[in-house]
Amino acid sequence: MNYFIARPLILLVLAALAAGAAGMPSGTSLSSEQLFELALEAQSHREYDRMLARLDDAARRGHRGAQEMLGVVLLQGPELFGPQVPRDTCAAQRWLAQAAQQGSEVGRLQRDLMNRQRAQLRC
């Protein structure tokens, strides 16, 4: 194939692959660390629905940082993230407890604080 024809074709294919990777559905052969990084990127763009999906995927795969952040995000909910992010104290408590089991100081402190307020929680 002619170099002048092949090169633009290859660049077009690479661009299409890159565009597809940016909009990948959650869980598509990405590591938990990559999912966590994508969640942080989504947060910086105020794409909170995407942030939640990526955090959830990474947390389910055992990423301690994602578990911490997801717990805090679900605990704060709309106060920090607007109406796109519902408050879910029960899910927050579960994620923070999982993070604490992995040695997370943030998870342990938040879990302990929530346990002191257990009378207000109905999980």
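Here the structure is a predicted model, which is why all the values come from computation and not from measurement. (Residues numbered from 1 in each chain as written. Predicted model: local features only at pLDDT ≥ 70, side-chain atom pairs only at ≥ 80, totals over all residues. Heavy atoms only, no water.)

1. Let's talk about the side chain of Ser104
Point 1. Along the chain, Ser104 falls in the loop between α6 (89-101) and α7 (105-116).
Point 2. In this structure Ser104 touches Arg64, Glu68 and Ala99, once residues within four positions along its chain are discounted. (Helix = DSSP H or I, 4+ residues; strand = E, 2+ residues; numbered from the N terminus. Contact = heavy atoms within 4.5 Å.)

2. Things to note about the environment of Ala97
Point 1. On the secondary structure map, Ala97 appears in helix α6.
Point 2. Exposure remark for Ala97: the relative accessible area of 21% places this residue in the partly exposed category.
Point 3. Separated by 15 residues in sequence, Ala97 and Asp112 have C-alpha atoms that sit 9.0 Å apart. (Buried < 20%, exposed > 50% of the residue type's maximum accessible area, 1.4 Å probe, protein only.)

3. As for the pattern of salt bridges
Pairing between side chains of opposite charge can happen when their charged atoms approach one another.
Point 1. One pass over the structure, following the stated rule, counts six salt bridges.
Point 2. Residue Asp112 is joined to Arg111 by a salt bridge in which the shortest nitrogen-to-oxygen separation is 3.1 Å.
Point 3. When salt bridges with common partners are traced through the structure, they connect Glu105, Arg108, Arg111 and Asp112 into a single cluster. (Salt bridge = Lys/Arg side-chain N within 4 Å of Asp/Glu carboxyl O.)

4. Quick notes on the confidence of the model for the protein chain
Point 1. Per-residue confidence for the protein chain gives a mean pLDDT of 80; residues scoring 70 or more make up 73%.
Point 2. Averaged pLDDT values for the elements of the protein chain fall to 44 in helix α1 (residues 3-22) and rise to 97 in helix α2 (residues 32-44).
Point 3. Ignoring residues within four places in sequence, the model shows residues 11-22, a span with pLDDT below 50, making one contact including any to other chains. (pLDDT = per-residue confidence, 0-100.)

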